[in-house]
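# Structural overview
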Amino acid sequence: MELKVFWTDFAKSELKNIFDYHKEKVSVKIAQQIVEQIVLTANELKSFPEIGAVEDFLESRSENFRYIISTNYKIIYWINKAKERIEIVDVFDTRQNPIKISRKK
């Protein structure tokens, strides 16, 4: 069975921040392309939810967080079996200090 992809408010906010940053620094077209690529990559999880590697910086959490990479961004998610969905909890710029991943979500 194919799972649904659910974006948390925090992840949506991060996606908007990514769009706004690239819109200001480069162009609207590039910002749209980057966000579209991130969303397309996340949607691949519907068929292959366990393809992502375990996120070591979030091991202490009760959820089993995983991630996949899209351009310079880590799409951090967990598989919510009770709700039959993949929950995207963060889109993290890999050029940042990795310890920032453990910020509250």
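See the structure shown above.
Structural notes, computed from the coordinates. (Residues numbered from 1 in each chain as written. Predicted model: local features only at pLDDT ≥ 70, side-chain atom pairs only at ≥ 80, totals over all residues. Heavy atoms only, no water.)

### Some thoughts on the overall build of the protein
Put simply, the test is: In this description a helix means any DSSP run of H or I spanning at least four residues, a strand means any run of E spanning at least two, and both kinds are numbered starting from the N terminus. Radius of gyration here uses only the C-alpha atoms, and the compact-globule reference equals 2.2 Å multiplied by the residue count raised to the power 0.38. For each residue, the accessible area found with a 1.4 Å probe, counting protein chains only, is set against the maximum for its type, and the residue is called buried under 20%, exposed over 50%, and partly exposed in between. Computed by Shrake-Rupley with a 1.4 Å probe, the accessible areas treat only the displayed protein chains as cover when residues are assessed. Counting rule for charge: Lys and Arg are taken as positive, Asp and Glu as negative, and neither His nor the chain ends is counted. To locate a charge, the coordinates of NZ of Lys, CZ of Arg, CG of Asp or CD of Glu are taken.
In terms of regular secondary structure, the protein is built from two helices and five strands. Start at the N end of the protein and walk to the C end: the helices and strands fall as β-α-α-β-β-β-β. Since a compact globule built from 105 residues should have a radius of gyration of about 13 Å, the 13 Å found for the protein is in line with a globular shape. Along the three orthogonal principal directions, the C-alpha set of the protein runs to about 40 × 30 × 20 Å. Put simply, the protein has 105 residues, and 40% of those count as buried. Working note: accessible area of the protein is about 6500 Å², and carbon and sulfur atoms make up 52% of it. Each charge sign in the protein was given a centre, from 18 positive and 16 negative side chains, and these centres are 4 Å apart.

### A look at the packing of aromatic side chains
The description of two aromatic rings rests on the distance between their centres and on the angle between their planes. Heads up, the condition is: Between rings of Phe, Tyr and Trp, where Trp is taken as its six-membered ring, a pair exists when centres lie within 6.5 Å; planes separated by under 30 degrees are stacked, by over 60 edge-to-face, and by other angles tilted. Charges are assigned to positions over rings by a cutoff of 6 Å between ring centre and Lys NZ or Arg CZ, combined with an angular limit of 35 degrees from the ring normal.
Counted by the stated rule, this structure contains zero aromatic pairs. The lysine or arginine in question, Lys74, covers the ring of Tyr67, its NZ or CZ lying 4.1 Å from the ring centre. Here the guanidinium or amino end of Arg85 rests over the ring plane of Phe6, the centre of that ring lying 3.8 Å away.

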